[in-house]
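Here is how the chains run, residue by residue.
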Amino acid sequence: MPALVFVIIMTQLPFATTIVISFMSWNALRPNERGFAGFGNYAQVFSDSGLRSSVFTTILLTIVVVGVSLVLGLLIALLLDRHFFGRGVVRTLMIAPFLVVPVAAALLWKHAILNPSYGLINGVLTWVWGLFGSENPPQVAWLTQFPLLSIEAALIWQWTPFMMLILLAGLQSRPAEAFEAAKMDGASAVQAFRYITLPHLRRYIELGATLGAIFIVQNFDAVFTMTSGALGTANLPYTIYQTFFVRQDYGLAAAQGVIVVIGTIIVATFALRSVSSLLKEES
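Below or above, wherever it landed, is the structure these notes cover. (Residues numbered from 1 in each chain as written. Predicted model: local features only at pLDDT ≥ 70, side-chain atom pairs only at ≥ 80, totals over all residues. Heavy atoms only, no water.)

### Looking at the packing of aromatic side chains
Point 1. Counted according to the given criterion, the structure contains 19 aromatic pairs.
Point 2. Here Phe23 and Phe39 contribute two aromatic rings whose centre-to-centre distance is 5.2 Å and whose plane-to-plane angle is 85 degrees, an arrangement assigned as edge-to-face. Taken as a pair, Phe23 in the loop between helix H1 (2-22) and strand E1 (24-25) and Phe39 in the loop between strand E2 (35-36) and helix H2 (40-47) lie far apart in primary sequence, 16 residues in all.
Point 3. By relative accessible area, Phe23 is classed as partly exposed at 21%.
Point 4. For Phe39, a relative accessible area of 62% translates into the label exposed.
Point 5. Seen in terms of ring centroids, Phe98 and Trp159 are 5.3 Å apart; in terms of plane orientation they differ by 65 degrees. Their pairing is edge-to-face. (Phe/Tyr/Trp six-rings, centres within 6.5 Å; stacked < 30°, edge-to-face > 60°. Helix = DSSP H or I, 4+ residues; strand = E, 2+ residues; numbered from the N terminus. Buried < 20%, exposed > 50% of the residue type's maximum accessible area, 1.4 Å probe, protein only.)

Okay, here's the thing in structure tokens:
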């Protein structure tokens, strides 16, 4: 009971307050005009072209980051599932990007890797072009020319270890008897992967995708730190931040937040189903 009361006070009461505010016309720049707005804020949310653009950016960012992270995580997990000298050290190094503070990771990519003057990528391009005697190497302004791709690269770098951990756990729980039987029947490595490994990993892939989607949908640090929402990179969390702190429209920001929470709950439902199915299979 004390834990339940604590959870209600810390999570449900603030959310209920947010729902109430979402039905109000409340702008700090016009404090005397506060009142009940009905569904006006929600109508404005769905009719605002800027918000529709941020919804599209959020969906695109989530699909690309989760999809690429899953593929890379699966490839790395397959490599780390093999026995070789120093495997424990390699696993630790592979996990390191996921343990970096999100703001620090965004700053690392913005200044140390993508900076057009002294960044790692342009430095490598300059070195490669110098090997062939060229004095005019390409100096790409990554955050200006490819802003969304830059954010996606930073998030993929940070979330691939998370996918790798989940899929590696799935690989290590494979039934050895099935692989021995397949080997005796003359199945190739590709066939064993297609007909045994992938079906076994289906629940783990679903779990990684849903958990990754939950966190990527709510990502704010990378967008705020790397581009400040410019050049078409503003996602839903950044748009809510702009609405609340720049426009100071509390009612509209609350309505936007409620919609994001509803979308996140829908995605989280699939994650809970994946977890429950995994527990049922293990039992």
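### Focus: the side chain of Gln158
Point 1. As for its position among the elements, Gln158 is in helix H8 (residues 147-171).
Point 2. Taking relative accessible area as the criterion, Gln158 reaches 7% and is therefore assigned buried.
Point 3. Among the polar contacts made by the side chain of Gln158, one reaches the main-chain carbonyl oxygen of Val100 at a distance of 2.8 Å.
Point 4. Discounting chain neighbours no more than four positions away, the residues touching Gln158 are Pro97, Phe98, Val100, Val101, Pro102 and Ala105. (Polar contact = N/O pair within 3.5 Å; in protein donor to acceptor, adjacent residues only side chain to side chain. Contact = heavy atoms within 4.5 Å.)

### Observations concerning the packing of helix H9 (residues 176-184) against helix H10 (residues 189-217)
Point 1. The N-to-C vectors of H9 and H10 enclose an angle of 150 degrees; their axes lie 11 Å apart at closest approach. Taken together, H9 and H10 sit at an angle that is classed as roughly antiparallel. With respect to the hand of their crossing, H9 and H10 are arranged in right-handed fashion. Residue-level contacts link Ala178, Phe179 and Ala182 of H9 to Ala192, Ile196 and Thr197 of H10.
Point 2. Looking at the contact of H9 with H10 residue by residue, the class counts come to 5 nonpolar, 1 polar and no charged. (Axes fitted to C-alpha atoms, helices over the stretch in contact; angles between N-to-C directions. Parallel < 35°, antiparallel > 145°, perpendicular 65-115°, else oblique. Left-handed = near helix turned anticlockwise from the far one by under 90°. Nonpolar A, V, L, I, M, F, W, Y, C, P; charged D, E, K, R; others polar.)

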